[in-house]
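Structural features, examined
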Amino acid sequence: MTTRADPRLDLSCETSGLQPRPPGTFEVLAQDSGSPARAGRLWTAHGPIDTPCFMPVGTYGAVKGLDADDLREVGAQIILGNSYHLGHRPGSARVAALGGLHRMMAWDRPILTDSGGFQVFSLRGLQKIDDAGVSYQTHFDGSRHRMTPESVLATQAALGSDICMILDHCPPADAAPALIRAAVDRSTRWAEEAARRRGEILQPGQLCFGIVQGGTDVALRREHLKALADLPFEGLALGGLSVGEPIPEMHATMAAIGPEMPANRPRYVMGIGTPHDLLAAVSSGIDMFDCVMPTRHARNGQLFTFSGRLNIRQSRFRDDDAPIDAACRCRCCARYSRAYLRHLHEQNEPLYGRLATIHNLYFYQQWVGALRRALRSGRFEALRSEFSSIISTVYAETGAADGNVDEGAGAVHSAPEPA
């Protein structure tokens, strides 16, 4: 089994000694010769982000169980917060009065916040959509509120996030074509309004990303991309994926639209996914992605390795003195056994969630970091050829997003060596 390099180098942000650039500056540092895959760097008010980049999800301003030092240790360059949740609890005005989200979290690296629209549109029966916005009752206490293209930017301005997402209409995967078309048209109007008002709402240095909708209808996605491409956004995202559509259709949509998104701006796919999804996204020219999978699965007993997903709840681990992954250099694998982790999980001990989350996020950052370094060194195709069969075999999910694949049988696979 191979031995990895020092993880502090293995998971570094690769940005030491750089001269700061203005927020919003995006540089393509390497382009794969055989695919749309690329490596880049996006500058924000809180420093640079090397891409491809995976963003851990911290809905309430915290990645569950971890503090800022833990996040730096696992290699996180940027985290994602949810402005719907933070806007209600503790409230964006309170966050602003306390110095902003960065100060509250003691996190000195970039933060991206989504608009909260996805959460509001998920409140079926508690919201009413019109062309100017959406009125809704919260799932917290039933209080009534109004969300508009302007209000979501104002909330994010108060939170002080580095990257702010606009309000868009995200229909469910099984929506009728007419509803998807209406959502695209509405999202276009909201994007135009956000682009017009952002300068007077957002703080200096805050970036703003537009969101392309259209389900898995590639022609409609292209139409919406064309409508948004000339608007003054620092980046564009693909929304409305990983919401229940078949995984092959999601990958096909990324493969078709990703390379057509503006090359001089970062490309972001929201809410994906498995290690296999991340490989598909990077191969499609996508720069940024986020998902709750590594953190949520950790708490539910599912641990990621390069041999597949390990279910720590299984009784066979009760007396297993081995680490989750003998080749892994995360704090959890360096110190603790599978037997101990199973014991903690069985007793509902909070320490289990912390250690498991550290491991899963380390795995994700290691996988994406390997892809990033391979692109920079011209080895992307070699790395994809070496690991595609492993990743696609043990993490490919043929149903809807966020399925469940147990630990792969057979040989133990080592992680990619640093390029």
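Residues numbered from 1 in each chain as written. Predicted model: local features only at pLDDT ≥ 70, side-chain atom pairs only at ≥ 80, totals over all residues. Heavy atoms only, no water.

What counts is decided by this rule: UniProt positions are given in the numbering used here, feature names are shortened, and annotations may be inferred rather than shown by experiment.
If you look the chain up in an unreviewed UniProt entry, it shows as Queuine tRNA-ribosyltransferase from Nannocystis radixulma. Under the UniProt heading Catalytic activity (unreviewed entry), the entry covering the chain gives this text: "7-aminomethyl-7-carbaguanine + guanosine(34) in tRNA = 7-aminomethyl-7-carbaguanosine(34) in tRNA + guanine". Regarding the chain, the UniProt comment filed under Sequence similarities (unreviewed entry) reads as follows: "Belongs to the queuine tRNA-ribosyltransferase family."

**What to know about unusual backbone geometry**
Applicable threshold: Helix and strand labels come from DSSP, where a helix needs a run of H or I of at least four residues and a strand needs a run of E of at least two; each type is numbered from the N terminus.
Pro90 follows Arg89 through a cis peptide bond whose omega is 10°. Within the secondary structure, Pro90 is located in helix α3 (residues 83–97). The omega angle of the peptide bond from Ile272 to Gly273 is -20°, so this bond is cis rather than trans. Inspection of the secondary structure puts Gly273 in the loop between β13 (267–269) and α10 (275–283). Even without a glycine there, the phi angle at Ala106 is positive, about 55°.

**A short note on the pairing of strand β15 (residues 302–305)**
Which entries qualify depends on this criterion: Type-normalised accessible area, obtained with a 1.4 Å probe on protein chains alone, sets the label of each residue: buried when under 20%, exposed when over 50%, and partly exposed for intermediate values. The pairing criterion for strands is at least two bridges between them, as found by DSSP.
Side chains Gln302 and Phe304 of β15 all project onto a buried face; the interleaved residues Leu303 and Thr305 project onto the opposite face, where all are buried too. As defined by bridge partners, β15 adjoins strand β16 (residues 308–311) across four bridges and the pair is classed as antiparallel. Bridged to Gln302 within β16 is Asn311. In sequence, β15 turns back onto β16 through a hairpin of two residues.

**Describing the nonpolar core**
We apply this condition: The criterion is simple. A nonpolar core is a set of buried Ala, Val, Leu, Ile, Met, Phe, Trp, Tyr and Cys residues joined through side-chain atoms within 4.5 Å. Contacts are residue-level and defined by heavy atoms, with any inter-residue pair within 4.5 Å sufficient.
Judged by nonpolar contacts, the single largest core of 106 residues is most densely connected at Leu112, Ile163, Met165, Tyr268, Phe289 and Trp367. A per-element tally of this core places helix α14 (residues 350–376) first, with 14 residues. Those residues in contact with Tyr268, other than ones at most four positions away along the chain, are Met55, Leu80, Leu112, Met165, Phe209, Leu236, Ala237, Leu238, Ile286, Met288, Phe289 and Asp290. Residues Val120, Met147, Val152 and Leu167 belong to the second largest nonpolar core, which totals eleven residues.

**As for the sheet that holds strand β8 (residues 133–137)**
Our working rule: To obtain each axis, a line is fitted to C-alpha atoms, and for helices this fit is confined to the stretch in contact; angles are then taken between N-to-C directions over 0 to 180 degrees.
Across the sheet, three strands lie side by side as β7-β8-β9; this open sheet has antiparallel pairing. Looking at strand neighbours, the two that pair on one side only are β7 (127–130) and β9 (144–147), the edges of this open sheet. Within this sheet the neighbouring strands show an average axis-to-axis angle of 15°, counted without direction. Looking at chain direction, β7 and β8 are connected through four bridges and run antiparallel. The residue bridging Ile129 from the neighbouring strand is Val134, located in β8.

**What about the packing of aromatic side chains?**
The criterion, for reference: The pairing test for Phe, Tyr and Trp rings, Trp by its six-membered ring, is centres within 6.5 Å, and the orientation test on the planes gives stacked under 30 degrees, edge-to-face over 60, and tilted for anything in between.
Counted by the stated rule, this structure contains 14 aromatic pairs. Ring geometry for Phe304 versus Tyr364: centroids 5.4 Å apart, planes at 90°, classification edge-to-face. With Phe304 in strand β15 and Tyr364 in helix α14, this pair connects stretches of sequence that are 60 residues apart. Ring pairing ties together the aromatic residues Phe54, Phe304, Phe306, Phe363, Tyr364, Trp367, Phe387 and Tyr395, which thus form one cluster.

**What to know about helix α8 (residues 218–229)**
Note the following rule: To estimate how far a helix should extend, the number of its residues minus one is multiplied by 1.5 Å. Directions drawn from the helix axis to the C-beta atoms are what define this arc.
For α8, which comprises twelve residues, the first-to-last C-alpha distance of 16 Å matches the rise-based estimate of 16 Å (1.5 Å per residue) to within 8%. Within the span of α8, buried status applies to Leu220, Arg221, His224, Leu225 and Leu228. Along the long axis of α8, the arc covered by the buried residues comes to 140°, so they all point the same way. Turned more than 90 degrees away from the buried face of α8, the exposed residues are Ala219 and Lys226.

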